[in-house]
Amino acid sequence: MPDTKITNGNNLGFWVHEIYMQLAYCYIYDELIKPQYSITNKDDMLYSIQFHINGYSTGIMSLGWEIYTNSQSDKQMIISVLQAVKTNLQNKGAFISITELQAIPTEDDDFKIYYRDPFPTYQLIKIVDALIEIIQGAWTSTNYSMDIAYK
Amino acid sequence: MPTNTTTLAILKDGTPIRIHLFENPAFDVDGFLIQFTKPGTQPEIYRYHQHSEFKGEDRKKPDLTGYYNESLFLKYIQNTEPVPTLDKLIKHDFKNNLAFEGEEITVSTIDFDSPYDYFYNTKNYTFNLQLSPDKRGVANYRKLIMENYRIVDSKINTDGHIPVIVLNNQSATPGGYFFKKNLGDFINNWAISEIQKSTFKRIMSLIVFKIREINRDIIPIIATNTHFFDKEFNVANGIKDYNDFTDLEKLLFNFKRTWGYYYDTPINGLPRPHKDDFEALFSIPSTYEDYYSYYSSLENFYQICYKTKNLSYYPADDKIEYLLKILSPSALAVIPYNLIIKAIKAYFPLKLSQEDQRVLVKLVISITPSHANEFLDFLLEKENGAETNFQVIYDTLTDARLERYPFVNWFVDEQTNRKYFAFAIYELWKVSKYNLDYIRPGIVIPNPWPNFKGIDPENYFYINSQEFNKKNFLTFIPSSDQQIVTSQQRFESSINDKKIDITKIYKQNTYAGAFSQHKIGSEYFGSFHLYQQISFCGYESNLDLRIPKSATLPAFLFHFIEEYDRLVDFDAGVALAANLTVDALLIYFTGGTSILKDLQYLKYTTKIGRALAGGIESTEAIEIWRGFRGASDIFTLTAGSLTQINHYLITTENNEEKRKILEGCQKIFISLTFLGVGLSLTAQAHAVREAGKVLDLIEALPPGVAHGLAPEMINLLTTLKGSKEVTLSLFGNKLNTLDLGDATNYIFLKYNSVFTDAQRLKFMTDFQHIDDLAFWRLLNNGRNASGIRDGKYLDNWISLSERGLEEAKFTIYICNQTRTDVLIRFTDQSTLKPVINPLSFERKIAFLNTFADVDPVNFAKFVGDPTLVKKWFRYYDDLVFQPEFKALGETGMLKFAERYGNISDDAFRNLKLQWHKINLNDKFKRLVEFPDATDNMLYFNKRRCEMLPPSFGDIATKGLYRIHETDSFIKLELQFNGVARASLIDEAGDIIMQGGILDRMSLDPLGIKFDLPQKMAQQQDINRFYNNWLGAYVPDQKSSGFLGSIHAHFEKIYLPKNGKPPLDYIVIDYKYFDEISTAIEQQPYYLKNQIDQFIIQNFNQYTNQLIKLNY
């Protein structure tokens, strides 16, 4: 399965395998869609995330949030979303159950084939934490390889 | 191990290095460096070791192959305390020894070309090292040799350079003697190509070099603490007696003598038995496999002895015992036969542990075909005076079903010692004097019969015909699935001295309410020499069995099979006749002439056969016909007449009409020969029918053309024809009196007024033996479409019978309209009939049931490609695959079989293996999901199967590669003539290419998922979807979608991921670009141009590391 470099436009970011980013997108989507988050072009952002979740971007996945983080307020709002995602994940306990993973709506069959073991929540939180740092501009590495311990 | 004096050398991986700081470099026959010594106060030997030489538990680690400090490696492999772990081994790093462009190298290889009887010359290639194609360093000089897309070997790439031949005549060395005796003396008499001769010379040279290594490294170890070296030349020179040797010393002496170490040119008047000659291991009939097998034996012998810790300190007897225990059967082949027999006898009086049983079986397996007769005779001897050695060994072995034996690779699952024993004896029996089908190479049989290849004049049963029990046709009747009557006939056996006693068991159950009956009984059938052939018909076959190769098998093997009822576990070579569900003669008369070669011994074992061949006193009366009316209906001819008739039968006839008469007579005599072995019903019917035909042919001969038949033959023909009328009337009478209840007797009606004479005869043959009324009532119960009884099943019988289909005999077919119809549908196709007909009873039913309502498109696929049947069975027969396969449905199964029916056995096995959570079901779904390949279909389908885990999986995520990625990998292989493997964790890219012009390069493809154009076309807002997919890239500002991904991929070259080397090539797969362009209502080349432009603008400096696929 391909890997993807997650950046916010510049070279700063990290490498992670797409299948894990795809899972992170699922939880980001669930949170972002909530009405309390008001972001310019929110509809486009949801569309783009769902595009990834459905596996249309397999092999070419990216973040592409530059256009949603132009304003300080949008940027702050997205950070709020990510922090809420992190809290939600923490509340799930150590693992996300197989039942929950298999119930995630996606058109990508490979996604369902892959997630047949409980997923360690901490590994997903690592990704969300890194995303928060990237949006905040605190991330400094250009080629960090994020190893996800699963399977 | 040849040596040379160059200061440069090529490593086994093809890297050129400097070796001026090393000493004693050694090279293999292809010129690769395989050993060297690092000088110093304590010189260190480094030796090349392949992945497979490491301990099993370490082999899962990558990149083990290399040059290791030999002293440490030996401790590691011999487990010598303190045992070094893998990470403590010292692998030489050649980075400071790399050679440079322009340096001169001389590569020395062995010359395997002409003269082929000469050992040996070297070919020296001298050239200057070149730069690699990517100009990053010196070129790699390993050239892979591919066959069927697999790497089979490698050599040093000396293309374009002319060698200098250096003479190195070794004809007066032991190796030279061995070479001459075992190949040189006769290779030029072989009518084979130059390339084949070169191949033989190569393997023989490898054998000689391996023997030298054994003599140098292994013999001294085994000879430690013996007086072998003091005695060997005294014995060789006749000064000391051979029997002064201990057994171990004899073993060593025999090794070396066979290898030519004591040979010297004979001196007149001074005979030296051990020096003047030595036994040849190979001769004119030897095949390449024989040579290769011996080489493997030597290699195994070397490796095992080399790896065994402290072997030199073992006591002498223990060494022999140990060698016998540790050596594989193939390595045991180098040990003298008499020592093997001595070791086997040592086990006789003992009750053996499983471990010792395994050793005993292994010893038996190691007996080579050249000792087959000797060993089979040994088994018939009685070492203890009471029981044959066969029985002693057989009874010694127990049934350890759960044991696993790594030393034999014939079987894949748990086996029993007895099974190994039976199989090993069977292998020897096949090439022994006891097998009537085996003719020694070079023996020419005079005047063989038509279709009969003849018999070896030294065959045991030919010479001792009184020991051959000719009543050896065992007719099994499997339990039928008719609801009313089931009947069964089978055989049981027991060992009795040198014979197998066989008992017939029969059973018949009639289920008819109050009239139900259950009959069972047994009777002595016959006694058979252990090694005599017996034949089957009707043995209930198993779905797992494959096509039989022979119709007979020796009695001892039958006993084994009967005892264990595990025929299914035997490999196809032993499956034999078990698939035959109809008798042999019927197969012959429906076109299976090849069956006769398996039954040819009948000619020599039946009285009529021997009389025909002139082997019986000419005045003796031979009964050749016993008609249906019993003792009053016997026809005899004198043996002399039969010999005369035989002269007629074996003549060659050019006249078309007369040739038909001759063939008819031959068929009659084949039938008559069968009469002696219990096939009376079928044989009589065929003899009668053919007699009528022959007489008709004689009558139709043009005026003036004489038939040429002897009066006795005409007399016989007339008798046979006359017999028909009586017979048919008698049978018709029986049919007319059947009690069919209130129903009209359609059986008699059709028999009497619809059937032709030939059909009546055939009908009688098929059903005469059935007395059960329930059967006849069922056969009479056929109805038309309106449900009215009309004898339809009799019509079905005619339909199948006239087509020559054996199924006409079975009510499971003719009393089932759908099955009859579908059978006709398939077998009426000339391409399919030869494929469907040979299927076993059960497999045919399974196939026809599955495709009973096959739609016309799928049916046309079968017609167009009859191999599809076999491909379908490949998955259907396999009980692991079957549920998933059947779940695909009719069309799905056929599509799957079309694509993947031909994949290699390795790929087939790989499909079954679970990898993490990826199971068979996932792999099936994946293979179905692939779009149809549009070019190189065979290769694509094959590699799609092979590129599945565990043999090919994404190691980083333990997941599957995506479909479009896999196809990009395959396309790359095709385009660049290499083989891809998955990248390891610390390697760049998705794949590493092996071989071809991208050898060892890392590649990372990106492309379009195959269903994306379709998904795009289904969108309400196509442009929004497209733009989202395409994304954007502005340096340091934006990077998303496809464009962003191109950027990320180029980054892997100049800003590699942490912990990975830079990527060698990015690959953009342009497949589906046209479709995407069309979906957004642009010209087909639109996207292609856009992407090309994008790359030129942003990454122009890296385009030499960009590969465009499907461009």
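To start, this report covers the structure provided alongside it. The structure displayed is predicted, hence computed values, not measured ones.

Calculation notes
Sequence order as written defines the numbering, with residues in each chain counted from 1. Chains and ligands are labelled sequentially in the order written, the chains with letters from A and the ligands with numbers from 1. Given that the model is predicted, a residue must reach a pLDDT of at least 70 before its local features are reported, and side-chain atom pairs must reach 80 or more before they are shown or counted; all residues, however, enter totals for whole chains, interfaces and linings. Each side-chain value is worked out from all heavy atoms of the structure, with water and hydrogens disregarded. Helix and strand labels come from DSSP, where a helix needs a run of H or I of at least four residues and a strand needs a run of E of at least two; each type is numbered from the N terminus. Exposure categories follow from relative accessible area, calculated using a 1.4 Å probe and restricted to protein chains: below 20% of the type maximum is buried, above 50% is exposed, and the middle band is partly exposed. Any pair of residues with heavy atoms lying within 4.5 Å of one another is described as a contacting pair. Reported accessibility uses the Shrake-Rupley method at a 1.4 Å probe radius. Residues are deemed covered only where the shown protein chains occlude them. The pairing criterion is simple: DSSP has to find at least two bridges between the two strands. Angles shown run from 0 to 180 degrees and are taken between the N-to-C directions of axes, each axis being a line fitted to C-alpha atoms and, for helices, limited to the stretch in contact. Angles are sorted into four bins: roughly parallel if under 35 degrees, roughly antiparallel if over 145, roughly perpendicular if 65 to 115, and oblique for all others. Each crossing gets its handedness from the near helix: less than a right angle anticlockwise from the far helix is left-handed, clockwise is right-handed. Under the scheme applied, nonpolar residues are Ala, Val, Leu, Ile, Met, Phe, Trp, Tyr, Cys and Pro; charged residues are Asp, Glu, Lys and Arg; polar residues are all the others, including Gly. Pairing of aromatic rings covers Phe, Tyr and Trp, the last through its six-membered ring, and needs centres within 6.5 Å; plane angles under 30 degrees mean stacked, over 60 mean edge-to-face, and all others mean tilted. For a ring to carry a charge above it, either NZ of a lysine or CZ of an arginine must fall within 6 Å of the ring centroid while also lying within 35 degrees of the normal to the ring plane. What qualifies as a polar contact is a pair of N or O atoms within 3.5 Å, subject to a donor-acceptor requirement within protein and to the restriction that residues adjacent in sequence count only when both atoms come from side chains.

## Remarks on the overall build of chain A
Now for step 1: When helices and strands are tallied, chain A shows six helices and five strands.
Now for step 2: Sequence-ordered secondary structure for chain A, helices as α and strands as β, is β-β-α-α-α-β-α-α-β-α-β.
Now for step 3: Across the 151 residues of chain A, 60% fall into the buried class.
Now for step 4: Taking the contacts inside chain A whose residues are at least 6 apart along the sequence as the reference set, 69% of them involve residues at least 24 apart.
Now for step 5: Accessible surface, chain A: about 5600 Å² in total, of which carbon and sulfur atoms supply 50%.

## Notes on the sheet that holds strand 11 (residues 164–167) of chain B
Residues and elements named next belong to chain B.
Now for step 1: Spatially, 7-8-11 is the arrangement adopted by the three strands of the open sheet, whose pairing is antiparallel. This sheet does not close on itself; its edge strands, each paired only once, are strand 7 (104–111) and strand 11. Taken pair by pair, the neighbouring strands of this sheet meet at an average axis angle of 30 degrees, ignoring direction.

## Examining the packing of helix 43 (residues 1041–1054) of chain B against helix 45 (residues 1086–1099) of chain B
Residues and elements named next belong to chain B.
Now for step 1: Across the interface, helix 43 lies against helix 45 with an axial gap of 11 Å and an inter-helix angle of 40 degrees. Taken together, the axes of helix 43 and helix 45 are oblique relative to one another. Two packed elements cross with a definite hand, and for helix 43 against helix 45 that hand is right-handed. Contacts between helix 43 and helix 45 involve Phe1042, Leu1043, Ile1046, His1047, Phe1050 and Tyr1054 from the first element and Ile1091, Phe1094, Ile1095 and Phe1099 from the second.
Now for step 2: Partitioning the contact of helix 43 with helix 45 into residue classes produces nine nonpolar, one polar and no charged.

## A closer look at the packing of aromatic side chains
Now for step 1: For the coordinates displayed, the defined rule picks out 105 aromatic pairs over all chains.
Now for step 2: Ring geometry for Tyr751(B) versus Phe763(B): centroids 6.2 Å apart, planes at 50 degrees, classification tilted. Within this pair, whereas Tyr751(B) is found in helix 25 (residues 746–753), its partner Phe763(B) is found in helix 26 (residues 757–767), the two being separated by twelve residues in sequence.
Now for step 3: Taking 4.6 Å as the distance between ring centres and 15 degrees as the angle between the ring planes, the aromatic pair formed by Phe1050(B) and Phe1099(B) counts as stacked. A residue pair is termed long-range when its members are at least 10 positions apart, and Phe1050(B) in helix 43 and Phe1099(B) in helix 45 qualify at 49 residues. With respect to burial, Phe1050(B) and Phe1099(B) carry one shared label: buried.
Now for step 4: Directly above the aromatic system of Phe278(B) lies the positively charged group of Lys181(B), at a separation of 5.4 Å from the ring centroid.
Now for step 5: Positioned over the ring face of Tyr47(A) is Arg1024(B), at 4.0 Å from the centre of the ring.

## Overview of unusual backbone geometry
All names here are of chain B.
Now for step 1: Cis rather than trans, the peptide bond between Phe119 and Tyr120 has omega equal to -15 degrees.
Now for step 2: By the secondary structure assignment, Tyr120 is in the loop between strand 7 and strand 8 (121–128).
Now for step 3: Along the chain, Pro949 connects to Pro950 via a cis peptide bond; the corresponding omega equals 5 degrees.
Now for step 4: Its location among the elements puts Pro950 in the loop between helix 39 (937–946) and helix 40 (963–976).
Now for step 5: Even without glycine at this site, Asp63 takes up a positive phi of about 55 degrees.
Now for step 6: Assignment of secondary structure puts Asp63 in the loop between strand 5 (44–49) and strand 6 (66–69).
Now for step 7: A residue is classified by how much of its surface remains accessible, and Asp63, at 53% relative accessible area, is exposed.
Now for step 8: For His916, which is not glycine, the phi torsion reads 50 degrees and is therefore positive.
Now for step 9: In this fold, His916 is placed in the loop between helix 37 (905–912) and helix 38 (920–929).
Now for step 10: You can call His916 partly exposed: its relative accessible area is 38%.

## A short note on the environment of Asn169(B)
All names here are of chain B.
Now for step 1: Within the secondary structure layout, Asn169 lies in the loop between strand 11 and helix 2 (174–184).
Now for step 2: Note: C-alpha distance between Asn169 and Phe119 (50 residues apart in sequence) is 6.2 Å.
Now for step 3: Excluding residues that lie within four positions of it along the chain, Asn169 makes contacts with Tyr118, Phe119 and Tyr120.
Now for step 4: There is a polar contact of 2.9 Å between the side chain of Asn169 and the backbone nitrogen of Ser171.

## Section: the sheet that holds strand 6 of chain B
All names here are of chain B.
Now for step 1: Read across the sheet, four strands follow the order 3-4-5-6 without closing on themselves; strand pairing throughout is antiparallel. Lying at the two open borders of the sheet, with one neighbouring strand each, are strand 3 (23–27) and strand 6. The average undirected angle you get between the axes of adjacent strands in this sheet is 20 degrees.
Now for step 2: The pairing of strand 4 (residues 33–38) with strand 5 spans four bridges and is classified as antiparallel. Across the sheet, Phe36 pairs through a bridge with Tyr46, a residue of strand 5.

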